[in-house]
Every structure is written in C-alpha cells, then in structure tokens.
Amino acid sequence: MMEGGNQHLTEDQITWALVDENDLPEPVKKHLERCPFCQERKHKLETSLNNVGELAARFSPVPRRRFMSERERHGLGWAISPWYRGVLTAALAGFLLVLIFGGGRLWHPHSTSEITAVMEEMREDSKFMAEVDALVENPLPQIYMEILGEGVVELDMDFMDFLVPDVIGTEVQSTKA
Amino acid sequence: MIPTGKKCNNVTQPAGAHSDLEILIARAQAGDRQAFDNLVDRFWPDIFRMVYYRVRSAMDAEDLAQDIFVVVFRRIKSLKDPSRFRPWLFTIALNRVRDFQRKKRFREVFGFFTGGDEDTVGYYAVSDEPGPLHNIMRQDFWERVGSFLSKLSRLEKEVFILRFMDQLSIGEIAEVMGKGQSTIKTHLYRALTKFRKESRLVGLLEGME
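Residues numbered from 1 in each chain as written. Chains lettered and ligands numbered in written order. Predicted model: local features only at pLDDT ≥ 70, side-chain atom pairs only at ≥ 80, totals over all residues. Heavy atoms only, no water.

A. Fine view of the overall build of chain A. In terms of regular secondary structure, chain A is built from nine helices and two strands. When the helices and strands of chain A are listed from N to C terminus, the series reads β-β-α-α-α-α-α-α-α-α-α. In chain A, buried positions account for 22% of the 177 residues. In chain A, the proportion of contacts linking residues at least 24 apart, taken out of those at least 6 apart, comes to 39%. A total accessible area of about 13,600 Å² is found for chain A, and carbon and sulfur atoms account for 62% of it. (Helix = DSSP H or I, 4+ residues; strand = E, 2+ residues; numbered from the N terminus. Buried < 20%, exposed > 50% of the residue type's maximum accessible area, 1.4 Å probe, protein only. Contact = heavy atoms within 4.5 Å. Areas by Shrake-Rupley, 256 points an atom, 1.4 Å probe, with all protein chains shown as cover.)

This is how it looks when you write it as structure tokens:
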C-alpha cells in the first residue's frame, strides 16, 4: 500500500520500531511520523506489550514479608558481628570438648575415685598373674635355680637327649640287629 | 507507551544535580540504616515481582528477594555510580535467580525435589482484587504467557521479560546481561516477531484495551 508516495511499513519494520525507532532508516522513520495507518499498527502492538507488563504485575501475589536484615532475621543481632561470632564459635567448641572428654565428670562427681579403684584392682590382678606365670615356668625361686646350676647350663633338647637317651629308638635298633 | 526504564537515568536533570534516589544511595553507602530501609521499601515490590516472574512461587520469591537485599546491603559500598543502582540491583537479582534455578535443577535431577513450579498464589493475597473470576483470569494469563515464553530461546526470554515485565530500558538490560545494546535489540526483535505470532496471548491482551 502506498501513502503519499511512500510505502507503508512492513511488519518487520513495525516490530523494529518497537525495539528502537531510531534504528529505522530515515525515510521509513519519516513515513511513520506522518502515516496514521502505520502509527495505529504500531500503537496496537505497543499496547499489547504494555498490557503484558501491566497484567503480570496485577496477577502477581503481593509480598507479605518485609525485608529483614541479618540481625533481625537471626534475632541475635549482636552475635552476628565477626568478633562476637568468633568468640561464640570458640566457646561452643570448648564446651563440646569438655562435654566429649570430660563430660562424665560433670554428671558423675564420684566417678574419679571409682575409676582409680578399678585401675588399681586391674594393676593388682596383672601383678598376680605375672607371679603365677613365673611359677609355672620355674617353680623354684631364682636362688635355688642358681644352686642347681640350671641358671647357667642351657637345657636344650640335645643336652636332654644326652642325659636321657630315647629308649624307644634304642629298642627298635636292637630289634633290627 | 513502551517502558523506557524507570526514572534513574537523570537525563533531564541539570549537570551536578542528584536525584532523590542517588542521595538515598549515597546515604545508605555511608552506613545510614534508615536510608537503606527506604531504598528497600522502594525496590522490594519490583524485585519480588522480578523473581516471581521467573520462579513462579511466591514463597521462593520472598526468600530470594530477602537474599538479594542482604547481598545489596553487604555490597552497596562497592557501587561506584549511584545512578546505575537499578541495573546493578537487577544484575544481583538475576544472578541469584539463576543460582536458585541451577540448584533446583540439580535437586530435580537427583530426586531431592519432587514438586514442579508451584504457584503459591492462593497462600498470598493477589493485589486487592480477589475473587473467582480474577483467579481464572490470572491462571489463564500465566498459562498463555508461559506457553509463549517456552517458545523463546533463553536470551530472548530474558530480554523480553526484562523489557516488558520488569520495565527496564535497552541500556539497562545491556548492563544487567553484560552484553552490547545491538545484541539485546536483536534478541528483543526476535522475541517480538514470535510474540506477534502468538495469537492466543495477543488476543487476550488486545481484549484488555
């Protein structure tokens, strides 16, 4: 279609006019300025796009909460500063250490003596068992062992064979002979 | 009138003049808590809606808006040019939303998250026009918008939402997305071409006139 010797804007040019009218070629821009038909087409699309924004806002919920700073949010405003946060962390860590490694003492004040008694008992038991083991190995006291010479002589199997020869082996040999 | 970005570019102000917003930002940067609260009051609804358009859950939108302003509170001193506050704020918001969506996808992949997009609008008051007809219209609108947006590429979608729903200017969108203005215009042009073909949505919107 023609208007005053100029062509009407194409659909693409109308679209571009909505993106940025200044980017249209000069003759197209001039035509748009004076052509009511093209202006109407542009206006129609423009209105639809404006309605998108308007309806989007109208059909959006209204926020119920207001902004809360970090202090308000946590309800411990003073504790949020880095210095207090460090102190709090250290205190908490210390408390946990005490709880883990020494917690029993806090709740059972008599447990120290109980633990000591048990430890002492265990020590006595192991001492007694050591004495029993020593007696099993050598029933005679060390001094008698030295008198007997067993402390000096090494009683290995060869020496015992020399002292007490194997009777069964000898019998077999004599039978063969 | 197509949105030209909200009043933060000060193009009509004489040189050296500062807008109320810039003064407020300067005070907030100096540690004035009252100024920061005023700043939050001014932008809280915009950011809440900006997040809601992308996550479609009112509760998540509130949580994310909260997180976004906590980041703003921490970083406001690093903002060099107060006149660029709005794109700066939207950059933080967009990054936070992307982060949320990434985590949500991750949870979905590994089965930690069972629900889809939940529109908790029933839990929240929708503006001041409750009622069954309003709810039907709302549902219909979001369904048509969702259908249209699903046909756009990621960048086309983001540019379209920033331009026509968040009401940012081309320059602000370029800043928020870290891309050149010509790139933004190209994506916007493609999105608008698809929009014109979306007869269901366009029909609804034309009926609003």
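From this point on, the discussion continues.
B. Here's a closer look at the side chain of Arg144 of chain B. Assignment of secondary structure puts Arg144 of chain B in helix 5 (residues 132–149). For Arg144 of chain B, the residues in contact, after removing those within four places along its chain, are Arg200, Leu201 and Leu204 of chain B.

C. The arrangement of the interface of chain B and chain A in detail. Across the contact, 49 residues belong to chain B and 37 residues belong to chain A. Our enumeration of links across chain B and chain A arrives at three salt bridges. Between Glu11 of chain A and Arg196 of chain B there is a salt bridge whose closest N-O contact spans 2.2 Å. Counting across the interface, chain B meets chain A through nine residue pairs in polar contact (both at pLDDT 80 or more). Put simply, the parts of the chain that give the side of chain B that touches chain A at least two residues each are helix 2 (33–55), helix 3 (58–75), helix 5, helix 6 (154–165), helix 8 (181–197) and helix 9 (199–206) of chain B. Considering only residue class, the side of chain B that touches chain A consists of 31 nonpolar, six polar and twelve charged. (Salt bridge = Lys/Arg side-chain N within 4 Å of Asp/Glu carboxyl O. Polar contact = N/O pair within 3.5 Å; in protein donor to acceptor, adjacent residues only side chain to side chain. Nonpolar A, V, L, I, M, F, W, Y, C, P; charged D, E, K, R; others polar.)

D. Structural detail: helix 4 (residues 85–109) of chain B. The terminal C-alpha atoms of helix 4 of chain B lie 36 Å apart, and with 25 residues this matches the ideal 36 Å at 1.5 Å per residue to within 8%. Residues of helix 4 of chain B that are buried sit in contact with helix 1 (20–29), helix 2, helix 3, helix 6 and helix 7 (170–177) of chain B. (Expected span 1.5 Å × (residues − 1).)

E. Representation of the packing of helix 3 (residues 36–58) of chain A against helix 5 of chain B in the model. Where helix 3 of chain A meets helix 5 of chain B, the closest approach of the two axes is 10 Å, and the angle between their N-to-C directions is 130°. Here helix 5 of chain B runs oblique to helix 3 of chain A, going by the angle between their axes. For helix 3 of chain A against helix 5 of chain B, the interelement crossing comes out left-handed. In this structure, helix 3 of chain A uses Val52, Leu55, Ala56 and Arg58 of chain A to contact helix 5 of chain B, whose residues at the interface are His134, Met137, Phe141 and Trp142 of chain B. (Axes fitted to C-alpha atoms, helices over the stretch in contact; angles between N-to-C directions. Parallel < 35°, antiparallel > 145°, perpendicular 65-115°, else oblique. Left-handed = near helix turned anticlockwise from the far one by under 90°.)

These figures capture arrangement, not role.
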